[in-house]
Amino acid sequence: MPKFLVLYKWTLDEQDIKIKSDDLSLDASRAKGKISDFDRNAIEEAARIVEAKGGSVDVLTYGSAAVKQSLKDVLSRGADKAYWIADASAETADAVVTAKVLAAAIRKIGPYDVILTGEGSSDQFNQQTAPRVAALLGLPCLSLVHKLDVEAGTVSVTRKLAVCTEQATVSGPVVVSVLSDINKPRIPGLKQVLGAAKKPNEEIALGSLGVSPADLQPKAVRRSAKGFVMTRKNVVFKDANPADSVAKLVSSLVSEGLF
Amino acid sequence: MTGIFLFSEDPVLAKQLLTPALALKGALDQPITALALDGATAADLAALGADTVLLLQSASGWVEGLGDAVTDLVRAATVVLVGGTQRGKHLAAHVAAKLDAGLTTDAKSLAIEDGKLVTSRILYAGLAVGVEELAFPAVATIPPRSYPTPEAAQTPGSVETVAVTDDIRVTVTGTTPTESSGVDISLANKLVSVGRGFRSKDDLPLAEGLAAKLKGEVSCTRGIAEDEHWLPIERYIGISGQTVKPDLYLAVGLSGQVQHMVGARESKIIVAINSDERAPIFEAADYGIVGDLYAVLPLLTAAITS
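The rules we used
- One numbering rule holds for all chains: residues counted from 1, following each sequence as written.
- Chain labels run from A onward and ligand labels from 1 onward, assigned in the order the entries are written.
- Where totals are concerned, whole chains, interfaces and linings use all residues; where local detail is concerned, this predicted model gives features only for residues with pLDDT of at least 70, and gives and counts side-chain atom pairs only at 80 or more.
- Note that the side-chain values use all heavy atoms of the structure and ignore hydrogens as well as water.
- What counts as a helix is a DSSP run of H or I of at least four residues, what counts as a strand is a run of E of at least two, and both are numbered from the N terminus.
- Relative accessible area decides the class of each residue, using a 1.4 Å probe on protein chains only: under 20% of the type maximum gives buried, over 50% gives exposed, and in between gives partly exposed.
- A contact between two residues is defined here by any heavy atoms of the two lying within 4.5 Å.
- Within this scheme the basic residues Lys and Arg register as positive and the acidic residues Asp and Glu register as negative, but His and the chain ends are omitted.
- Note that the charge is assigned to NZ on lysines, CZ on arginines, CG on aspartates and CD on glutamates.
- The rule for pairing is simple: two strands pair if DSSP sees at least two bridges between them.
- Lines fitted to the C-alpha atoms define the axes, with helices restricted to the stretch that makes contact. Angles between their N-to-C directions range from 0 to 180 degrees.
- Just so you know how the angles are binned, under 35 degrees is roughly parallel, over 145 roughly antiparallel, 65 to 115 roughly perpendicular, and the rest oblique.
- Crossings are assigned a handedness: left-handed for a near helix turned anticlockwise from the far helix by less than a right angle, right-handed for a clockwise turn.
- Under this grouping Gly is polar, as are all residues other than the nonpolar Ala, Val, Leu, Ile, Met, Phe, Trp, Tyr, Cys and Pro and the charged Asp, Glu, Lys and Arg.
- Expected helix span is taken as 1.5 Å per residue step, with the number of steps being one fewer than the number of residues.
- Nonpolar cores were defined as sets of buried Ala, Val, Leu, Ile, Met, Phe, Trp, Tyr and Cys residues, with membership established by side-chain atoms within 4.5 Å.
- Note: buried area is the sum, over both parts, of the accessible area (probe 1.4 Å) each one loses when the two are combined.
- We define a salt bridge as a contact between a side-chain nitrogen of Lys or Arg and a carboxyl oxygen of Asp or Glu at a distance within 4 Å.
- Pairs of N or O atoms are called polar contacts if they sit within 3.5 Å, as long as, within protein, a hydrogen donor faces a hydrogen acceptor (for residues adjacent in sequence, only side-chain-to-side-chain pairs).

Asker: It is not clear to me how the overall build of chain A should be interpreted in this structure. Could you clarify?
Answerer: Regarding its fold elements, chain A presents six helices and 15 strands. Expressed as a percentage of the 259 residues in chain A, the buried residues total 53%. The long-range share in chain A, meaning contacts at least 24 apart out of those at least 6 apart in sequence, stands at 70%. Separation of charge centres in chain A, based on 34 positive and 30 negative side chains, amounts to 1 Å.

Asker: Quick question: what am I supposed to make of the sheet that holds strand β10 (residues 154-160) of chain A here?
Answerer: Hydrogen bonds between backbone atoms are what pair the strands of a sheet, whose relative direction is either parallel or antiparallel. Judged by pairing direction, the sheet is mixed, and its ten strands sit side by side in the order β13(A)-β7(A)-β6(A)-β1(A)-β8(A)-β12(A)-β9(A)-β10(A)-β11(A)-β11(B) without closing on themselves. Edge positions in the open sheet fall to β13 (201-203) of chain A together with β11 (170-177) of chain B, since each of these has one partner strand only. Neighbouring strand axes in the sheet, compared pairwise and without regard to direction, differ in orientation by 30° on average. For strand β11 (residues 164-171) of chain A and β11(B), the ladder comprises seven bridges, and the chain directions are antiparallel. Bridging across to β11(B), A168(A) finds its partner in V172(B).

Asker: Could you clarify how one ought to interpret the pairing of strand β12 (residues 174-178) of chain A in this entry?
Answerer: Walk down a regular strand and you will see the side chains alternate between the two sheet faces. Residue and element names in this part refer to chain A. Of all five residues in β12, five are buried; the element is thus mostly enclosed. Burial of the side chains of β12 extends over both faces: V174, V176 and V178 are buried on one face and V175 and S177 on the other. As paired elements, strand β8 (residues 114-118) and β12 share five bridges and run parallel to each other. Counted as the bridge partner of L116 is V176 from β12. Inspection of the sheet shows strand β9 (residues 141-151) paired to β12 by three bridges, in the parallel sense.

Asker: Could you clarify how one ought to interpret the packing of helix α3 (residues 95-109) of chain A against helix α4 (residues 129-137) of chain A in this entry?
Answerer: Each pair of packed helices can be summarised by the angle the axes make with each other and by the distance between the axes. Residue and element names in this part refer to chain A. Interhelical geometry of α3 versus α4 gives an angle of 50° and a closest axis separation of 9 Å. Relative to α4, the element α3 is oriented oblique. As α3 runs across α4, the sense of the crossing is right-handed. Packed against α3, whose contacting residues are A95, V96, A99, K100, L102, A103, I106 and R107, the element α4 presents T129, R132, V133, L136 and L137 at the interface. Partitioning the contact of α3 with α4 into residue classes produces nine nonpolar, one polar and three charged.

Asker: Is there a simple way to explain α3(A) in this structure?
Answerer: Here α3(A) is 15 residues long and its end C-alpha atoms lie 21 Å apart, about the 21 Å a rise of 1.5 Å per residue gives. Along α3(A), twelve of the 15 residues are buried, which leaves the element largely enclosed by surrounding structure.

Asker: Help me understand the nonpolar core in this model?
Answerer: Note on soluble globular proteins: their nonpolar side chains tend to be buried together. Among the nonpolar cores identified, the biggest contains 36 residues, and F4(A), V59(A), L116(A), L142(A) and L148(A) are the most heavily contacted of them. In terms of residue count, helix α1 (residues 37-53) of chain A provides more of this core than any other element does, five residues in total. Excluding residues within four positions of it along the chain, F4(A) makes contact with A46(A), I49(A), V50(A), S56(A), V57(A), D58(A), Y112(A), V114(A), L116(A) and V150(A). Membership of the second largest hydrophobic core comes to 35 residues, among which are V246(A), L214(B), A225(B) and L250(B).

Asker: I keep staring at the interface of chain A and chain B and nothing clicks. Help me out?
Answerer: Reports of interface size often rely on the accessible area that becomes lost once the parts have come together. Facing 72 residues of chain A, the contacting portion of chain B comprises 78 residues. Summed over both partners, the interface of chain A with chain B comes to about 6,700 Å²; 55% of that surface belongs to carbon and sulfur atoms. Across the chain A-chain B interface, the total number found is ten salt bridges. The residue E166(A) makes a salt bridge to R87(B) at a minimum N-O spacing of 2.8 Å. For the pair chain A and chain B, the number of links is 48 residue pairs in polar contact (both at pLDDT 80 or more). Among the elements of the structure, α3, α4, β9, β10, β11, β14 (220-227), β15 (235-237) and α6 (242-255) of chain A are those that each provide at least two residues to the side of chain A that touches chain B. Of the residues assigned to the side of chain A that touches chain B, the class counts are 37 nonpolar, 18 polar and 17 charged. Pairing analysis gives seven bridges linking β14(A) to strand β8 (residues 128-134) of chain B, with the strands arranged antiparallel. Within the sheet, the bridge partner assigned to G227(A) lies in β8(B) and is A128(B).

Asker: Got a minute to help me understand the packing of α4(A) against helix α4 (residues 86-99) of chain B in this structure?
Answerer: Across the interface, α4(A) lies against α4(B) with an axial gap of 8 Å and an inter-helix angle of 45°. Looking at the two axes, α4(A) sits oblique to α4(B). Here α4(A) and α4(B) pass one another in a crossing that is right-handed. Between α4(A), through P131(A), R132(A), A135(A) and L136(A), and α4(B), the contact on the second element is made entirely by H90(B), A93(B), H94(B), A96(B), A97(B) and K98(B). Looking at the contact of α4(A) with α4(B) residue by residue, the class counts come to six nonpolar, two polar and two charged.

Asker: What should I look at first to understand the sheet that holds strand β2 (residues 32-36) of chain B in this one?
Answerer: Residues and elements named next belong to chain B. The strand order across the open sheet formed by seven strands is β5-β9-β4-β1-β2-β3-β10, and the pairing between neighbours is parallel. Looking at which strands have only one partner, the edges of the open sheet turn out to be β5 (102-104) and β10 (158-163). The mean inter-strand angle of the sheet, taken between neighbouring strand axes irrespective of direction, is 20°. With six bridges joining them, strand β3 (residues 52-57) and β10 adopt parallel strand pairing. Across the sheet, the residue bridging to V53 is V159, located in β10. Of the strands in this sheet, β1 (3-7), β4 (77-83), β5 and β9 (138-142) touch α4, which is tilted by about 175° from β9.

Asker: How should I be thinking about the pattern of salt bridges in this particular structure?
Answerer: Residues and elements named next belong to chain B. This model, assessed by the stated rule, comprises 41 salt bridges over all chains. Across the salt bridge formed by K116 and E133, the nearest N and O atoms sit 3.7 Å from each other. In this pair, K116 is assigned in strand β7 (residues 116-123) and E133 in strand β8, connecting sequence segments 17 residues apart. Its relative accessible area of 31% is what places K116 among the partly exposed residues. One salt bridge connects D227 with R196, and the closest N-O pair in it is separated by 2.9 Å. Taken together, the residues span a long stretch of sequence, with D227 in helix α6 (residues 222-227) and R196 in the loop between β12 (190-194) and α5 (204-214) at a distance of 31 residues. Owing to a relative accessible area of 34%, D227 belongs among the partly exposed residues under this scheme. A relative accessible area of 47% places R196 in the partly exposed class.

So, to be careful, I would describe these as geometric facts and stop short of saying anything about function.
Right under this line is the structure:
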């Protein structure tokens, strides 16, 4: 019976982030939180395997105080138990800090047979967490997986890369990152949402993990984040007769020198 | 010993990495050490400006399993540049973890300022550009085609062979090359890009007919390639797909989510056809038609013929 741990990130929904026109700074004041898109695939994959073959799915997240908002959502998606680390250090954490904190927490709550996460987070898309956590824990890592089988302690995957697909196997514990096309995450129904309230969650105090203050200092420090502005002509044709719009478009493209 | 180290398993990308590495050499006054997996690439890198090339003798050649071996070889590094392929990004993250170093994924720019590596990269799927500074040792992955291959160096570097240990815990049991239609959409001058406004795969000839008239190619969103499997993945554009810069990008029945547009926003002219007047694609477009693509595309195709 495999024991899964899924690492997930509670991110801002990038669709809600606005760019301020005066200084191009980002306004996230109206942005809601969400479970990072690809991490939902990781939760779904673990839940499906456990539902079919038995086992358990724990989830673990590290973030600011806001991560508490994620618990009901993540537990309604098929997880059995949620562990969470809420600390202000997450506000400035880079991939170095995040991996150290997650690895320390896994040493405390583990071991697990399969540690899963999404291919990258929807905000930063650093794609570093899986290989970093594996390196720190001394585990092998299989990234970019779009087919996952767990059978009697052997993990078999198909990885999908731009140049090829690759089959690989590992015996024993492994860290896996999944692609978004591995499954379609469920949309929790009322029953799952109500059931989530009864499932356990446990806060892990960062101070209990033996992570030093120096370890919480990022090696990559954000200097600035500015909105990317695309200046376009924004000429829109919406004539009742589409032929009129098409004629105007073609004449515009001719004047642009495209034909 | 300190230095600038570079690696890519892709020979073309490895040579491109020498261009930013030579710029860093100028700024830091430190030698360049390149790591290579085959003798021909090693010789090329030595001829193009690497002071030393380490030719790794890997039995498996599985790049992702070389993390510990590469870490040992680059332990003295100030900056490590890794080619931003999928395998390269995996390797770079492992090496950065072992070096306790920061890593910029898909760096768009690199500079040395005040004893730090300053990089820029895309955030929030393309909504924003972030600048970060990394303490040394610093690691960055560089996307393909970011830099040209440098001119041959006046004094070629030396090549040394190094035995390395693979990650024997992972067994690669099979590799199937991705079937390619031989079409590289990043080279097309005109693209007709398909989104979920198309109701069925059977309707794709509408886009193909227009692309043929334009002497261009058909591209698509991630959903069309990854979820619907209507078109091969090599044709999808976006943050995790292709980046294109055609003269004309004709977005048909796609909403223009930032994750998609980040791959197309350097197009010269962007045209949108969408039935939803409020779709974000119109803000990202030079010209747009609000209308049903099933009515508009045949008219547009006919108009271009005449």
